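Residues per chain are reported as follows:
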Amino acid sequence: MTKIIQLKYGNTKCYLLKGTKKNLLIDTDWAGTLPKFFQELGRKKLKVQDIDYLLITHYHPDHMGLATDLMNLGISLVVLDCQIAYIHQSDYIFQKENNPDFQPINDKHIHKLNLADSRHFLSECRISGTILSSPGHSVDSISLVLDSGEAFVGDLYPQEQVPLYNNKILSHSWKKLISHGATFIYFAHYANEKVI
Ligand SMILES: [Zn+2]
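Please read all numbers here as calculations on a predicted model, not as lab measurements.

### Quick notes on the overall build of the protein chain
Part 1 of the argument: When helices and strands are tallied, the protein chain shows seven helices and eleven strands.
Part 2 of the argument: Relative to a compact globule of 196 residues, whose C-alpha radius of gyration would be 16 Å, the protein chain shows 16 Å and is just as compact.
Part 3 of the argument: Taken along its principal axes, the extent of the C-alpha atoms in the protein chain is 40 × 40 × 30 Å.
Part 4 of the argument: A total of 196 residues make up the protein chain; the buried ones form 52% of that total.
Part 5 of the argument: Here the contacts in the protein chain between residues at least 6 apart in sequence split such that 63% fall between residues at least 24 apart.
Part 6 of the argument: By element, 52% of the accessible surface of the protein chain is carried by carbon and sulfur atoms, the whole surface being about 9300 Å².
Part 7 of the argument: If the 20 positive side-chain charges of the protein chain are averaged to one point and the 20 negative ones to another, these points end up 5 Å apart.

### Things to note about the sheet that holds strand S8 (residues 142-146)
Part 1 of the argument: Ordered in space as S7-S8-S9-S10-S11, the five strands form an open sheet in which the pairing is mixed. Every other strand in the sheet has two partners, leaving strand S7 (129-133) and strand S11 (193-194) as the edge strands with one partner each.
Part 2 of the argument: Relative to strand S9 (residues 150-154), S8 runs antiparallel, the two being bridged by two bridges. Residue pairing in the sheet places Val-145 in a bridge with Ala-151 of S9.
Part 3 of the argument: Contacting S7, S8, S9 and strand S10 (184-187), helix H7 (residues 168-179) crosses the sheet at an angle of about 170° to S7.

### A few points about the UniProt feature "domain: Metallo-beta-lactamase" (unreviewed entry) in the protein chain
Part 1 of the argument: Taking the UniProt record as the reference, the feature "domain: Metallo-beta-lactamase" (unreviewed entry) is found at residues 11-189.
Part 2 of the argument: What you have in residues 11-189 is 27% helix and 22% strand, and the ends, taken at the C-alpha atoms, are 7 Å apart.

### So, the packing of aromatic side chains
Part 1 of the argument: Going through the model one piece at a time under the given rule, you end up with eleven aromatic pairs.
Part 2 of the argument: Where Phe-187 meets Tyr-190, the ring centres are 5.5 Å apart and the plane angle is 80°; that geometry is what we call edge-to-face.
Part 3 of the argument: A relative accessible area of 0% means that Phe-187 is categorised as buried.
Part 4 of the argument: Look at Tyr-190 and you get partly exposed, because its relative accessible area is 28%.
Part 5 of the argument: An aromatic cluster is built from Tyr-15, Phe-152, Phe-184 and Tyr-186, whose rings are joined through pairwise contacts.

### Focus on the coordination of the zinc ion
Part 1 of the argument: Taken together, His-58 (NE2), His-60 (ND1), His-137 (NE2) and Asp-155 (OD) make up the protein donors of the zinc ion, found 2.1 to 2.4 Å from the metal.
Part 2 of the argument: Coordination at the zinc ion comes from four donor atoms whose angles at the metal span 87 to 174°, giving a geometry best classed as irregular.
Part 3 of the argument: Relative accessible area serves as the criterion here: at 0%, His-58 is assigned to the buried category.

### Considerations on the side chain of Lys-13
Part 1 of the argument: Relative to the helices and strands, Lys-13 is located in strand S2 (residues 13-18).
Part 2 of the argument: Summary of buried charges: Lys-13 has no salt-bridge partner, and the nearest side chain of opposite charge, Asp-155, is 9.1 Å away.
Part 3 of the argument: Within the local environment of Lys-13, its side chain forms a polar contact with the backbone oxygen of Tyr-190, the two atoms lying 2.7 Å apart.
Part 4 of the argument: Residues within four places of Lys-13 in sequence aside, it is in contact with Gln-6, Leu-7, Lys-8, Phe-187, Ala-188, His-189, Tyr-190, Ala-191 and Asn-192.

Criteria and cut-off values
- Residues numbered from 1 in each chain as written.
- Predicted model: local features only at pLDDT ≥ 70, side-chain atom pairs only at ≥ 80, totals over all residues.
- Heavy atoms only, no water.
- Helix = DSSP H or I, 4+ residues; strand = E, 2+ residues; numbered from the N terminus.
- Rg over C-alpha atoms; globule rule 2.2 N^0.38 Å.
- Buried < 20%, exposed > 50% of the residue type's maximum accessible area, 1.4 Å probe, protein only.
- Contact = heavy atoms within 4.5 Å.
- Areas by Shrake-Rupley, 256 points an atom, 1.4 Å probe, with all protein chains shown as cover.
- Lys, Arg positive; Asp, Glu negative; His and termini not counted.
- Charge placed at Lys NZ, Arg CZ, Asp CG, Glu CD.
- Pairing = 2+ DSSP bridges.
- Axes fitted to C-alpha atoms, helices over the stretch in contact; angles between N-to-C directions.
- UniProt positions renumbered as here; feature names shortened; annotations may be inferred.
- Phe/Tyr/Trp six-rings, centres within 6.5 Å; stacked < 30°, edge-to-face > 60°.
- Donors = N, O, S within 2.8 Å, 3.2 Å for Na, K, Ca; no water.
- Tetrahedral: all angles 85-135°; square planar, octahedral: opposite > 155°, others 65-115°.
- Salt bridge = Lys/Arg side-chain N within 4 Å of Asp/Glu carboxyl O.
- Polar contact = N/O pair within 3.5 Å; in protein donor to acceptor, adjacent residues only side chain to side chain.

Written out as structure tokens, the structure is:
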């Protein structure tokens, strides 16, 4: 059974999935939030060494800001094949705000993973689930669906908003999540909710 721990130390809800072998963090917050990240770990009685992998639902600045900091602390950044071309898409935002805490991701040190191999990768962490490409909010968006039905979707627009967008890509992402057994959705900003 995978344990789900919510970590929030800024505006983004991040989730730590504790497998029985390895632990995987989904998303980080903005660059410069590392001290707050450590405080939140402390509140949850966790250490940075408890985190083996970092998975980023999409490479917007409020989800990937600490990627390099966490890599420097020994956490392995898992990048899906559908995300590789987008890992630097937020660099210009941090450069524009002259953020002294931001370091672009070093491409040489990422752990590349093909979507087709995601079940195998997760099973090695003793987490039963799949990672899917789920575009709609951004092209590089991915979701992790546990076999027990919990799905981590980042900023995918909630189901009740889907008709407003009239976007086939978004509707298809929701169909894919449901066909993979998603029953409860963990968002990064919206309120978590059951699948309708
Ligand atoms: Zn976003």
